[in-house]
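Residue-level structural notes
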Amino acid sequence: MFERIIGETDVQKNYGDNFWQAVDIYLFKAHVINKKLFGVKVISVSSYRNQSHASIDECFCDETRIEENLSQRGFEIFSETTEHVSVDRLSGSGNDGLIIVNRLLPKNINVFQPIDVICVIDFASRAVYLRGQQNDGTSTLFPSFPFVVQAKEAKLSIRCRSCDVAEERSTLWLRDVLMVRLVKWMVASTPRHGDSAPDTAVRSLSLIDDMEQYNHVFHELKQKYGSSMVKIWPECTDPQKFVFEDIAIAAYLIMLWRKERLGTNSPSLQSFVDIGCGNGLLVYILSCEGHRGYGIDLRKRKLWDLYPSGTVDLRVQTLVPSSASLFPDIDWIIGNHSDELSPWIPVIAARSSYTGRFFLLPCCAYEFDGSKYQRQNSNLSQYGDFLRYANEIAQVCGFDVDTDRLRIPSTKRTCIVGRTRNYPIEEYDVIDGNIQTFINERTMQATAMQKIADEWTANFKPRDSTEKVRNCTKIDRSIVDKIVAIVFEALLAKQGLVPELSNWNSGGTLMVGDLVKTIPSEHLTALKAECGGLQTLLKNNHQIFQVHNGAVQLRIPSKVSEIAGLSVPRRTKKVKNFQPINLKQKTCWFFKNHPNGCPLDERDCKFNHLS
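Residues numbered from 1 in each chain as written. Predicted model: local features only at pLDDT ≥ 70, side-chain atom pairs only at ≥ 80, totals over all residues. Heavy atoms only, no water.

The next subject is the overall build of the protein chain. The helix and strand tally for the protein chain stands at 18 helices and 20 strands. Counting every position in the protein chain, which comprises 611 residues, the buried fraction comes to 48%. Taking contacts inside the protein chain between residues at least 6 apart in sequence as the whole, the part at least 24 apart equals 66%. Carbon and sulfur atoms provide 49% of the accessible area of the protein chain, an area that totals close to 30400 Å². (Helix = DSSP H or I, 4+ residues; strand = E, 2+ residues; numbered from the N terminus. Buried < 20%, exposed > 50% of the residue type's maximum accessible area, 1.4 Å probe, protein only. Contact = heavy atoms within 4.5 Å. Areas by Shrake-Rupley, 256 points an atom, 1.4 Å probe, with all protein chains shown as cover.)

Here the focus is the pairing of strand 6 (residues 127–132). The element strand 6 is largely enclosed, with a buried count of six among its six residues. The two faces of strand 6 match: Ala127, Tyr129 and Arg131 on one face and Val128, Leu130 and Gly132 on the other face are all buried. What sits between the antiparallel neighbours strand 5 (residues 115–122) and strand 6 is a turn of four residues, in which Arg126 has the positive phi angle 50°. Note: strand 6 against strand 7 (residues 147–152), four bridges, orientation antiparallel. The residue bridging Tyr129 from the neighbouring strand is Val148, located in strand 7. (Pairing = 2+ DSSP bridges.)

Right, let's get into the packing of aromatic side chains. A complete count under the given rule lists 28 aromatic pairs for this structure. Measuring from centroid to centroid gives 4.7 Å for Tyr284 and Tyr307, while their planes differ by 25°, and the two rings are stacked. Placement of the pair is Tyr284 in helix 9 (residues 281–288) and Tyr307 in the loop between strand 10 (293–297) and strand 11 (314–316), with a sequence separation of 23 residues. Note on Tyr307: relative accessible area 6%, which makes it buried. (Phe/Tyr/Trp six-rings, centres within 6.5 Å; stacked < 30°, edge-to-face > 60°.)

The tally for this structure, following the rule as stated, stands at one cavity of 30 Å³ or more. One number sums up the size of the largest cavity: a volume of about 40 Å³. Considering the residues around the largest cavity, the lining is formed by Val23, Tyr26, Val128, Leu130, Val149 and Leu182. Contributions of two or more residues to the lining of the largest cavity are made by helix 2 (19–28) and strand 6. Grouping the constituent residues of the lining of the largest cavity by class yields six nonpolar, no polar and no charged. (1 Å grid on protein atoms, 1.4 Å probe; cavity = no way out; pocket = protein on both sides within 12 Å on 5 of 7 lines; lining within 4 Å. Points joined across faces, edges and corners; volume = space filled by probe spheres on them. Nonpolar A, V, L, I, M, F, W, Y, C, P; charged D, E, K, R; others polar.)

Turning our eyes to something else, we now look at helix 8 (residues 239–264). If you check helix 8, its first and last C-alpha atoms are 37 Å apart, about what 26 residues at 1.5 Å a residue would give, namely 38 Å. The first or second residue beyond helix 8 is Asn265, which carries a positive phi of 55°. (Expected span 1.5 Å × (residues − 1).)

So, on to helix 7 (residues 211–232). Relative to the 32 Å expected for 22 residues at 1.5 Å per residue, helix 7 spans 31 Å between its end C-alpha atoms, a close match to the ideal helical length. In the structure, helix 7 departs most strongly from a straight axis at Lys222, where the bend amounts to approximately 40°. Among the residues of helix 7, those classed as buried are Met211, Glu212, Tyr214, Asn215, Val217, Phe218, His219, Leu221, Tyr225, Gly226 and Met229. For helix 7, the secondary structure elements touched by its buried residues are strand 2 (37–50), strand 4 (97–106), helix 8 and helix 9. (Bend = angle between axes of the 7 residues up to and from the residue.)

This part is about the sheet that holds strand 10. Spatially, the seven strands line up as an open sheet ordered 11-10-9-12-13-15-14, and their pairing is mixed. The sheet is open, and its two edges are formed by strand 11 and strand 14 (399–405), each paired on a single side. Sheet twist, expressed as the average angle between the axes of neighbouring strands with direction ignored, equals 20°. The sheet contact formed by strand 9 (residues 272–275) and strand 12 (residues 332–336) spans three bridges and is parallel. Along strand 12, the bridge assignment pairs Phe272 with Trp332. Helix 8 rests against strand 9, strand 12, strand 13 (357–361), strand 14 and strand 15 (414–421) of the sheet, and its axis sits at about 155° to strand 12. Lying over the sheet, helix 11 (residues 382–396) contacts strand 13, strand 14 and strand 15, oriented at roughly 155° with respect to strand 14. (Axes fitted to C-alpha atoms, helices over the stretch in contact; angles between N-to-C directions.)

Turning our eyes to something else, we now look at the layout of surface pockets. Approximately 620 Å³ is the volume attributed to the second largest pocket. Together, 25 residues line the second largest pocket, and His31, Phe38, Lys107, Arg407 and Ile408 are the ones closest to its centre. Elements with a contribution of two residues or more to the lining of the second largest pocket: strand 2, helix 7 and helix 8. Examining the composition of the lining of the second largest pocket, we find that five residues originate from one element, helix 7, more than from any other.

So, on to the side chain of Glu260. By the element assignment, Glu260 lies in helix 8. On the basis of relative accessibility, which here comes to 16%, the residue Glu260 falls in the buried class. Polar contacts involving the side chain of Glu260 include one to the side chain of Trp332, which spans 3.2 Å. With residues up to four places along the chain from it excluded, the contact list for Glu260 reads Gln270, Trp332 and Arg357. (Polar contact = N/O pair within 3.5 Å; in protein donor to acceptor, adjacent residues only side chain to side chain.)

As a further point, take the pattern of salt bridges. Counting across every chain of the model gives 22 salt bridges. Here Lys241 ties to Glu245 by a salt bridge, and the two come within 2.9 Å at their closest N and O atoms. Of the two residues, Lys241 and Glu245 both sit in helix 8, four residues apart, roughly one turn of that helix. A salt bridge links Arg351 to Asp432; the nearest nitrogen and oxygen atoms lie 2.7 Å apart. Taken as a pair, Arg351 in helix 10 (residues 345–352) and Asp432 in helix 12 (residues 428–443) lie far apart in primary sequence, 81 residues in all. For Arg351, a relative accessible area of 10% puts it in the buried group. Overlapping salt bridges, with partners in common, bring together Lys41, Arg103, Asp116, Asp210 and Glu212 in one network. (Salt bridge = Lys/Arg side-chain N within 4 Å of Asp/Glu carboxyl O.)

You can see Asn336 is positioned in strand 12. In this structure Asn336 comes out as buried when scored by relative accessible area, which is 11%. Leave out the neighbours within four places in its chain, and Asn336 touches Asp246, Ile249, Asp274, Ile275, Gly276, Leu282 and Leu361.

In this section: the confidence of the model for the protein chain. The pLDDT averaged across the protein chain works out to 86; a share of 87% of its residues lies at or above 70. Note that pLDDT drops below 50 for residues 446–453; the model gives that stretch eleven contacts with residues more than four away or on any other chain. Between residues 564–576, whose pLDDT stays under 50, and residues either more than four places distant or in other chains, the model counts six contacts. (pLDDT = per-residue confidence, 0-100.)

Okay, the packing of helix 7 against helix 8 next. Across the interface, helix 7 lies against helix 8 with an axial gap of 9 Å and an inter-helix angle of 145°. As helix 7 runs across helix 8, the sense of the crossing is right-handed. Along the contact surface, helix 7 presents Gln213, Tyr214, Val217, Phe218, Leu221, Lys222, Tyr225, Gly226, Met229 and Val230, while helix 8 presents Pro239, Gln240, Val243, Phe244, Ile247, Ala248, Ala250, Ala251, Tyr252, Ile254, Met255 and Arg258. (Left-handed = near helix turned anticlockwise from the far one by under 90°.)

The angle between the axes and the distance between the axes are what describe a pair of packed helices. It is the contact of helix 11 with helix 12, at a shortest axis distance of 9 Å, that shows an interaxial angle of 145°. The residues of helix 12 that touch helix 11, namely those facing Tyr389, Glu392, Ile393 and Val396, are Ile431, Asn434, Ile435, Phe438 and Arg442. In terms of residue class, the contact of helix 11 with helix 12 is made up of six nonpolar, one polar and two charged.

Here it is, written out as structure tokens:
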């Protein structure tokens, strides 16, 4: 019997109504509270009716097969499936409960083995009984003893049989982690892990049939490409994020394509083109795994030169949507953060051939003409509304559209997949006309213009192949000086005297938002063009200003002796050809511009005092 109370807490009755929703999350998304888990694979789901009204406690505590125990005690078990189910929805189906067997998949398959967990749900008593199968007691993936979670009479409790002191680690986890998280999910009106927008709230990896196999593929790709790519990463981006994100996307596509080949009995590996391939890592992995394909981007990346010769085909090309941007001999069009080409990915796939498919993982939202997408539905986020729009484009292109969520280290992880068409091939020309009409309506131009120009839109403007430096360092120096002077005068007017520096006026503190109001609009326009804004400009002039949490103040000069550490590298490792910083080569800004001059003598100041 489940006698020992591990944890118990009061819950309001209306929160208790969300109990089954919280159970759904715990059973099928266990990885959100146990970081050692990769995910959950559903082995079987069965319904039952308790004809004899027998207690589940005794059946569950017995170490023999639970299904047999239940059958022997008058439980009728039926309708077995391996599909993911909604416990919340089935709670009102007329059955007495469910028997679910889940396999917990570890992230590190070299350390942990998968564990099967059997769960018996009793709708009448609002109780969930859980027990790990083949658990040797040494794994930390799941408690080694059976326990029950129950929401009854405005209380949420977790109970177990009397367990050893050695199992206290598991009991503490159940009380301090699981119970706390269940209450949090119950309090939420529609508890789920992920984006709150309805269009993005989809179950992750829903198009992958075998989560366990996906986990193995992902682990294998990490071993083959992960650490080696991180070591040689030459880009300014974080390799821990971008390398393993592309590995996860590659694993997803490989699994999706395996499923496709099984469905068509085709032995040939799918071909692909990655439009806007960036660093090319996804192309490299898919190519090394045997898929024929190449990547296109409007500029070359540093990483391209580091791939082994002959292993990857990466091309510098500015792609303008037109009849010249078709890929009739390619199976899949990939748009992985393809920016202004994202809305064109379904169109390119649809017009390349009747059998063309696409995978789109959008990030930034764009229109057909390359301008920023303007949100249409104020109830959704910009990202959520663009996903809706991309889905609409794919449907206009005649695709049966699937939406899925990837397991990647990014907030933009919802993908749109078009694998099949919803019309016969005889209607191909009709659908193509519908596509052009839709594009014309979105870009407000005549179809006749398209036919003459042989382009799908006359308004599309690809980005410049040369990446602009947009951190306020390219603004005209005279504008920078004017803005610095305006901010300096505004801070100085606050009159903050520093006694230890002979009552030097250090000014006061103002918020960036207040300072923006003092800057002429034409100067602000120049800042916005550099995608940095006033705060970036002030941080660039760190010898004058200090910026912290949006608050700006003058930087009080410090003596050379106080910053002696600047003359040596911070790393203990010797730096070849290291040259000490000689700040005396620069003129002291305060000496020239502050009404009180510099509060330090020239021998103490980091900078040069020039008359």
